[in-house]
Every structure is written in C-alpha cells, then in structure tokens.
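Structural overview
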Amino acid sequence: MKYLVIGAGGTGGSIGAYMTRAGKDVTLIARGEHLKRIQEQGIKMETKKGSYNVHPVKAADMEHYEGQPNIIFVCVKGYSLEDTIPFIRRVAKTDTIVIPVLNIYGTGGKMQERLQELLVTDGCIYIAGEIKEPGTILLKGEIFRIVYGVRNPKEIRPELFEVAKDLKESGIEGVLSDNIRRDALQKFAYVSPMAACGLYYNVSAGEVQKTGEPRDTFVKLMKEIDALAVAMDVPFLVDIVTTNLQILDALNPEASTSMQRDIYAGKPSEIDGLIYEVVRMGERYGVPTPAYKMIADYARAKGLV
C-alpha cells in the first residue's frame, strides 16, 4: 500500500523513517529547512539504542505532492489541522483511509464531518520524539505504538488489518482497536495531564518522575480523566494511574511535551484541546475537574489561549 504521512515532526518523521527503513512505500509531507534536509540527506534518527540515518526518504510539500495514497497518517498539531483538509481532498482516492494520530481527543470524528466522502478513523500514538534540528529526530523513549480504529464497527475494512501488519514489520507496534473511543481517551489521559503538569510547574519529565507535588498533581489530573471515561461510558480496562506512571518513569528525564515547547517558543499551541477542553468535558458530563480548573485558571491568567 502507498502511505502518506502529513507532518514530519517527532511523530510523523519517526513513522516515515521506520517505514521507509522497512521498505514500505511512504512519503512525508514536510516544509522549510526540515523538508530540504530530508530530501537531500534523509532522516537521522537518534534513539536510546543508538543513531542511524535513513536515506533516501520520499518527501514533498503539500503543493508538489502528486500521489494518490491508500493510507494517510495525519500527524500535525491540532492548530494546523484545518490546513490539511483541502490537501487531503485533492490527493485522496475514494477508498483512501485517513488515520489521524494527534494529541487532541476526538479529532477523527471532527475530520470525518469535513471529509464525508472518505473513511476517517480515530487514532493516537505513544512516542516521545521531537525535531532536534532539521533532518534529525530525537526519540527520548523506547515506546512506539500507534492505536487506531473505526468508531462504527460496520466501517471496518481489510486495509486496516494490513496497516497493523506493515507497522509491525517496520518495528512499530500497530494496534487495531475494537473500542477506539476508549483507547484514544486512554492515551489522552497521559498526554493531557503531562502537558498540564509540565506547564503549571515549568518542569520536564524528570521532576514528575520524583516523589513530590508535580507527581501528585499528575495523578490528580489522571484521576479526573478516569472519572470522565466512566461518565462517557468508555471506562478504562487498566488502572490508568499505574499504567501512565510506568510510561512516564520510562522516559528520558529531559523529555517535555510539544505543547510546552511551543508555548515557551512563543508559537501557537494545543492548550485549548489539551487543557481547556477537559474543563468543558467535565461540565458537559457533570464530572468535577478541580485540578484541571486550577491549571486552566493559571494558563488564562498568563494569557495562554
């Protein structure tokens, strides 16, 4: 199958590098100096197990990509999602499947409303990666898992099983979920509390790995999303606190969230979907979210929108 990955940051760049290295037909959509470096030198991957270079890597910008992919992974930030819609309409075939793996919960359903002619799944990704410099991706953890699935079981298609096979052959754990609303919310129950906690205390993973107030707040935030999952009738099948603390404690202590990095750099961020939206969800489902409200109030006082 032909794969297209929109976005070549820590998430999309890693997908593209791993799948290219495994011989899969994949093209990355990137821009600027990062795109130029990928086209000229490929992608350098720096991981906990060592560094290596993947070359050549097929890459283009939206204006110059002319393929027709079977599968499109959408790996942009939430605030850039709107820019992908007309591009997807231009390059997709009638049977193209779109798999968004953004940080923001519910992205697939929102994209489906805009792309009614296509199948848009929901999805999420477990990875701690970022662009170290143009053409170089730094992975700060060993976990690399993509979870995806249809919201309506009647929409399941054979290609979705083939995606899981291709991911596995590429060294990526691909999970075709039978309850993607629950599984995507489970991922959100990690990335959202981590982003909120990191922002509020201005810390990286190392400070939250230690016993203390940041870790206690991280736990409180996870418990609030756990309560939301029950109210939404998608209760988690694992102890979310234990599970996510294990993920956290396996990270490089210097790891931070992309939301933090964007805010510190003065760029647009995903704060609305990662923090303010949880407060709105709490109000919608009648679930108290005092820890999230504390951090949302702090962020608003800082003028972060």
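Now for a look at the structure at hand.

Parameters and conventions
- Residues numbered from 1 in each chain as written.
- Predicted model: local features only at pLDDT ≥ 70, side-chain atom pairs only at ≥ 80, totals over all residues.
- Heavy atoms only, no water.
- Pairing = 2+ DSSP bridges.
- Helix = DSSP H or I, 4+ residues; strand = E, 2+ residues; numbered from the N terminus.
- Axes fitted to C-alpha atoms, helices over the stretch in contact; angles between N-to-C directions.
- Buried < 20%, exposed > 50% of the residue type's maximum accessible area, 1.4 Å probe, protein only.
- Polar contact = N/O pair within 3.5 Å; in protein donor to acceptor, adjacent residues only side chain to side chain.
- Contact = heavy atoms within 4.5 Å.
- Phe/Tyr/Trp six-rings, centres within 6.5 Å; stacked < 30°, edge-to-face > 60°.
- Lys NZ or Arg CZ within 6 Å of the ring centre and 35° of its normal.

Section: the pairing of strand β10 (residues 129-133)
By the bridge criterion, four bridges tie β10 to strand β11 (residues 136-139) in an arrangement that is antiparallel. The partner of Glu-133 across the bridge, within β11, is Thr-136. Here β10 hands over to β11 after two residues, with Gly-135 in that stretch at a positive phi of 85 degrees.

Quick notes on the sheet that holds strand β12 (residues 145-149)
What the three strands build is an open sheet, ordered β9-β12-β13; its pairing is mixed. Strand pairing shows two members of the sheet lacking a second neighbour, β9 (122-126) and β13 (173-176), which therefore form its edges. Across the sheet, the mean angle separating the axes of adjacent strands is 15 degrees when strand polarity is ignored.

As for the side chain of Thr-20
Turning to its location among the elements, Thr-20 is positioned in helix α1 (residues 12-21). For Thr-20, a relative accessible area of 17% translates into the label buried. Here the side chain of Thr-20 touches Gly-16 through a polar contact of 2.7 Å, landing on its backbone oxygen. Aside from chain neighbours lying at most four places away, what touches Thr-20 is Val-26, Val-54, Pro-56 and Val-57.

Some points on the packing of aromatic side chains
Summed over all chains, the structure comprises seven aromatic pairs. Seen in terms of ring centroids, Tyr-105 and Phe-188 are 6.2 Å apart; in terms of plane orientation they differ by 45 degrees. Their pairing is tilted. Pair noted here: Tyr-105 is in the loop between β7 (97-100) and α4 (107-114) and Phe-188 is in helix α6 (residues 180-201), with a separation of 83 residues, a long-range link. Phe-188 shares its class with Tyr-105; the two are buried. Note on Tyr-190 and Phe-218: the rings are 6.0 Å apart at their centroids and 90 degrees apart in plane angle, and the pair reads as edge-to-face. Taken together, the residues span a long stretch of sequence, with Tyr-190 in helix α6 and Phe-218 in helix α8 (residues 213-231) at a distance of 28 residues. The pair Tyr-190 / Phe-218 is uniform in exposure class, with both members buried. These aromatic residues form a ring-pair network of at least three members: Tyr-200, Tyr-201 and Tyr-298. Cation over ring: Arg-21 sits above Tyr-52, and NZ or CZ is 3.7 Å from the ring centre. Between Lys-187 and the ring centre of Tyr-126, over which it is positioned, the NZ or CZ distance is 5.4 Å.

Topic: the sheet that holds strand β8 (residues 119-120)
Overall, parallel pairing links the six strands, which are arranged β5-β2-β1-β6-β7-β8 in an open sheet. The open sheet has two edge strands, β5 (58-60) and β8, and neither has a second partner. Note that strand β2 (residues 25-29) and β5 share three bridges and pair parallel. Across the sheet, residue Thr-27 finds its bridge partner in β5, namely Lys-58. With respect to the sheet, helix α5 (residues 158-169) is in contact with β1 (2-6), β6 (71-74) and β7, its orientation differing from that of β7 by roughly 55 degrees.

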